[in-house]
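Topology and contacts: notes
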Amino acid sequence: EDQVTQSPEALRLQEGESSSLNCSYTVSGLRGLFWYRQDPGKGPEFLFTLYSAGEEKEKERLKATLTKKESFLHITAPKPEDSATYLCAVQAGGKLIFGQGTELSVKP
Amino acid sequence: DAGITQSPRHKVTETGTPVTLRCHQTENHRYMYWYRQDPGHGLRLIHYSYGVKDTDKGEVSDGYSVSRSKTEDFLLTLESATSSQTSVYFCAIVSGGVDNEQFFGPGTRLTVL
């Protein structure tokens, strides 16, 4: 069964304290792994797509990496405005399967 | 925002009443999706469409039906709403770009009393 698990469920950081979010997946025939950011009361906002093991992508303080079993979203020197829920999803066929998300809180 | 709007944005209804949610897009995207988001379950696919009058079920389709009579509109209908369908509903489209990402609408918060 295709499955996505994210950890931790919640993460509290001090401003400037770097950390990583994990997304573990099992899927038959990965066609892409997606990271989204979701702010309260809004729809998910696209961050990255990764297609193959070893691939990395960066955007400002965020860097996403991919292996054959998991993906990491590294947050370097986070700021309070990085506080949000981060969602991971894998594409299986024409559908996305989402994890439950990691709620990140960055305190000044 | 990929030109996606959802209506209504908020709705309160009673058990047993029919409810229709609308997703409208302005950029002629082929694929459209309906998800529901609940605490502890994340985003789950209800139904999706790959063209006018072409739809298919997702993982939580029971109690829901959809229609797509024109490219720009994808309707989600709850024939007889139940309290378990209280949720936030998101519509999404696939960009068709190199990242193949889905863009999401702003969501509809539905409460079934």
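Located above this text is the structure these notes cover.
Rules behind the numbers
- Residues numbered from 1 in each chain as written.
- Chains lettered and ligands numbered in written order.
- Predicted model: local features only at pLDDT ≥ 70, side-chain atom pairs only at ≥ 80, totals over all residues.
- Heavy atoms only, no water.
- Contact = heavy atoms within 4.5 Å.
- Buried area = accessible area lost by both parts, 1.4 Å probe.
- Salt bridge = Lys/Arg side-chain N within 4 Å of Asp/Glu carboxyl O.
- Polar contact = N/O pair within 3.5 Å; in protein donor to acceptor, adjacent residues only side chain to side chain.
- Helix = DSSP H or I, 4+ residues; strand = E, 2+ residues; numbered from the N terminus.
- Nonpolar A, V, L, I, M, F, W, Y, C, P; charged D, E, K, R; others polar.
- Buried < 20%, exposed > 50% of the residue type's maximum accessible area, 1.4 Å probe, protein only.
- Pairing = 2+ DSSP bridges.

**As for the interface of chain B and chain A**
- Taken together, the contacts link 20 residues of chain B with 19 residues of chain A.
- Approximately 1,500 Å² of surface area, both sides summed, lies buried where chain B meets chain A, with 51% of it carried by carbon and sulfur atoms.
- Three residues, B:Leu43, B:Asp99 and B:Phe104, lead the burial of chain B against chain A; their summed loss comes to 30% of the area buried on that side.
- Taken together, the links from chain B to chain A amount to 0 salt bridges.
- Inspection of the chain B/chain A interface yields 3 residue pairs in polar contact (both at pLDDT 80 or more).
- Where the side of chain B that touches chain A is concerned, the elements lending two or more residues are β4 (32-38), β5 (42-51) and β10 (102-104) of chain B.
- Considering every element that reaches the side of chain B that touches chain A, the biggest residue donor is β5(B), with 4 residues.
- Looking at the side of chain B that touches chain A, its residues break down into 9 nonpolar, 7 polar and 4 charged.

**Concerning the pairing of strand β1 (residues 4-7) of chain B**
All names here are of chain B.
- Side-chain alternation along β1 places Ile 4 and Gln 6 on a buried face and Thr 5 and Ser 7 on a face that remains uncovered.
- Relative to strand β3 (residues 19-25), β1 runs antiparallel, the two sharing 4 bridges. Following the sheet pairing, Ser 7 is matched in β3 by Arg 22.

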